[in-house]
Amino acid sequence: MLSDLNGRLSNRLARHFRAAPHRLPMYAPMVSFTFDDAPDSAASEGAALLEAHGGRGTFYLAGSLIDQPGDHWHGLSNDAIVRLHRAGHEIGCHTFSHLRAVDLDESAMAREIERNCSYFHGIDCSIRLENFAYPYGLASVWRKSQLAKTFRSARGILPGVNSDVIDLQFLRASPLIDCEIDTRGVDRYFDEAVASGGWLIFYGHDIVDQPSPYGCTPTLLRHALKAAERRNMPIVTVVEALRRIGA
Ligand SMILES: [Zn+2]
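What you see as residue numbers is a count from 1 along each chain, following the sequence as written. Residues qualify for local features only when their pLDDT is at least 70, as the model is predicted, and side-chain atom pairs are given and counted only at 80 or more; totals for whole chains, interfaces and linings, by contrast, use all residues. Calculated side-chain values reflect all of the structure's heavy atoms, with hydrogen atoms and water omitted.

Attention now moves to the coordination of the zinc ion. Water is not part of the atom set, so a site may look incomplete; the donors themselves are N, O and S atoms within 2.8 Å of the metal, or 3.2 Å for Na, K and Ca. Every protein donor of the zinc ion is listed here as Asp-37 (OD), His-94 (NE2) and His-98 (NE2), and their distances to the metal cover 2.0 to 2.2 Å. Every donor residue of the zinc ion comes from the same chain, spaced as D-x56-H-x3-H. Take His-94 and His-98: they sit in the same class, and that class is buried. Buried, partly exposed and exposed residues are distinguished by accessible area as a fraction of the type maximum, computed with a 1.4 Å probe on protein chains only: under 20%, between the cut-offs, and over 50%, respectively.

All axes are obtained by fitting lines to C-alpha atoms, using only the stretch in contact for helices, and the reported angles, taken between N-to-C directions, cover 0 to 180 degrees. Numbered from the N terminus, helices here are DSSP runs of H or I no shorter than four residues, and strands are runs of E no shorter than two. Here helix H2 (residues 40-52) crosses helix H3 (residues 78-86) at 10 degrees, and the two axes come no closer than 11 Å. As far as their axial angle goes, H3 and H2 are roughly parallel. Every residue of H3 that contacts H2 at Ala-43, Ala-47 and Glu-51 is listed here: Ala-80, Arg-83 and Leu-84. Each residue is assigned to one class: nonpolar for Ala, Val, Leu, Ile, Met, Phe, Trp, Tyr, Cys and Pro, charged for Asp, Glu, Lys and Arg, and polar for all the others, Gly among them. Split into classes, the residues belonging to the contact of H2 with H3 amount to four nonpolar, no polar and two charged. Our angle categories are set so that under 35 degrees counts as roughly parallel, over 145 as roughly antiparallel, 65 to 115 as roughly perpendicular, and the remainder as oblique. Whether two residues touch is decided by their heavy atoms; if any such pair falls within 4.5 Å, the residues are in contact.

Should a side-chain nitrogen of Lys or Arg be within 4 Å of a carboxyl oxygen of Asp or Glu, the pair is scored as a salt bridge. Considering all chains together, one arrives at 10 salt bridges under this definition. Here Asp-36 ties to Arg-155 by a salt bridge, and the two come within 2.8 Å at their closest N and O atoms. One end of the pair, Asp-36, is in strand S2 (residues 30-37); the other, Arg-155, is in strand S6 (residues 153-155), and 119 residues separate them in sequence. Looking at Asp-36, the relative accessible area reads 4%, which means it is buried. Accessibility expressed as a relative area gives 0% for Arg-155, which makes it buried. In this structure, Glu-240 and Arg-243 form a salt bridge, with 2.9 Å as the shortest nitrogen-oxygen distance. With a gap of three residues between them, Glu-240 and Arg-243 both fall in helix H8 (residues 238-244), about one helical turn apart. Through salt bridges with shared partners, a single ionic network connects Glu-240, Arg-243 and Arg-244.

This paragraph deals with the packing of aromatic side chains. Two measures describe an aromatic ring pair: the distance that separates the ring centres and the angle between the ring planes. Working definition: rings of Phe, Tyr and Trp (its six-membered ring) pair if their centres are within 6.5 Å, and the pair is stacked with planes under 30 degrees apart, edge-to-face with planes over 60 apart, and tilted otherwise. Under the defined criterion, the tally for this structure stands at eight aromatic pairs. Ring geometry for Phe-132 versus Tyr-134: centroids 5.3 Å apart, planes at 90 degrees, classification edge-to-face. Taken as a pair, Phe-132 and Tyr-134 share a single burial class, namely buried. Connected via pairs of aromatic rings, a cluster forms that spans Phe-33, Tyr-189, Phe-190 and Phe-202.

What follows covers the pairing of strand S4 (residues 90-93). Side chains Glu-90 and Gly-92 of S4 all project onto a buried face; the interleaved residues Ile-91 and Cys-93 project onto the opposite face, where all are buried too. We treat two strands as partners when DSSP finds at least two bridges between them. Across four bridges, the pairing between strand S3 (residues 58-61) and S4 is parallel. Each bridged residue has a counterpart across the sheet, and for Phe-59 the counterpart in S4 is Ile-91. Think of it like this: strands point away, you trace from the first strand over the helix to the second, and a clockwise trace means the crossover is right-handed. Handedness of the β-α-β unit built from S3, H3 and S4 comes out right-handed.

Let us now look at the environment of Lys-144. Here Lys-144 lies in helix H5 (residues 144-150). A relative accessible area of 0% means that Lys-144 is categorised as buried. Linking Lys-144 and Thr-58, residues 86 residues apart in sequence, is a C-alpha distance of 20 Å.

Of the consecutive residues Asp-37 and Ala-38, the connecting peptide bond is found in the cis state with omega at -5 degrees. With respect to the helices, strands and loops of the structure, Ala-38 is situated in the loop between S2 and H2. With a phi close to 100 degrees, Asp-37 is a non-glycine residue in the positive phi region. Tracing the backbone through its elements, the reader meets Asp-37 in strand S2. Located in the positive-phi region is His-98, a residue other than glycine, with phi close to 60 degrees.

Here is the structure:
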């Protein structure tokens, strides 16, 4: 109970403190599709749909979940990770054990990160994890500055478009999750990105016809990809977006 309260408070404070502010240099709306954990359907169906639209995604992975069965999906395999990496998708970092940042002290977080980075480096030595996503979207005001020393960015699950002055260590991301958004909601985020010239980031998990409460159908993903195309918005990985905004 108390630790839950502390966790929520720390997450809230992390929105406002220890920011890594970065002003977007120009009007350049773009979109990133990110997948957390990640289910094997994200690496197959999800990646294939992105590629068919000339885009690439960012997959925030936790080493402990690789090739493991879960309540809602089977984790992607080492082979799938190599394929994603070679096809130009980005492998991003979660904590190795998928523990929440708010539950880790400095040394525990350091061990989690070290373990995760070496796991993926062990699969393919050219995989370097440059960007982080908070497991469960829960940031920690205490861990934020620690993570900033290792990663170029950290993504939460605070919805909205990253525009004007953004916090690189608390990137906003909106759900691409059928339980939470429909096609009209997706369109609204795209319109907002066009109006502000900002960077829209979606997050999700599985991509299947009957998705988990955390995933979406291929239909919804296809809708979002077409929405980007219609607006001439590039579909880029997080690392490529950071390059484009000079971060
Ligand atoms: Zn996760």
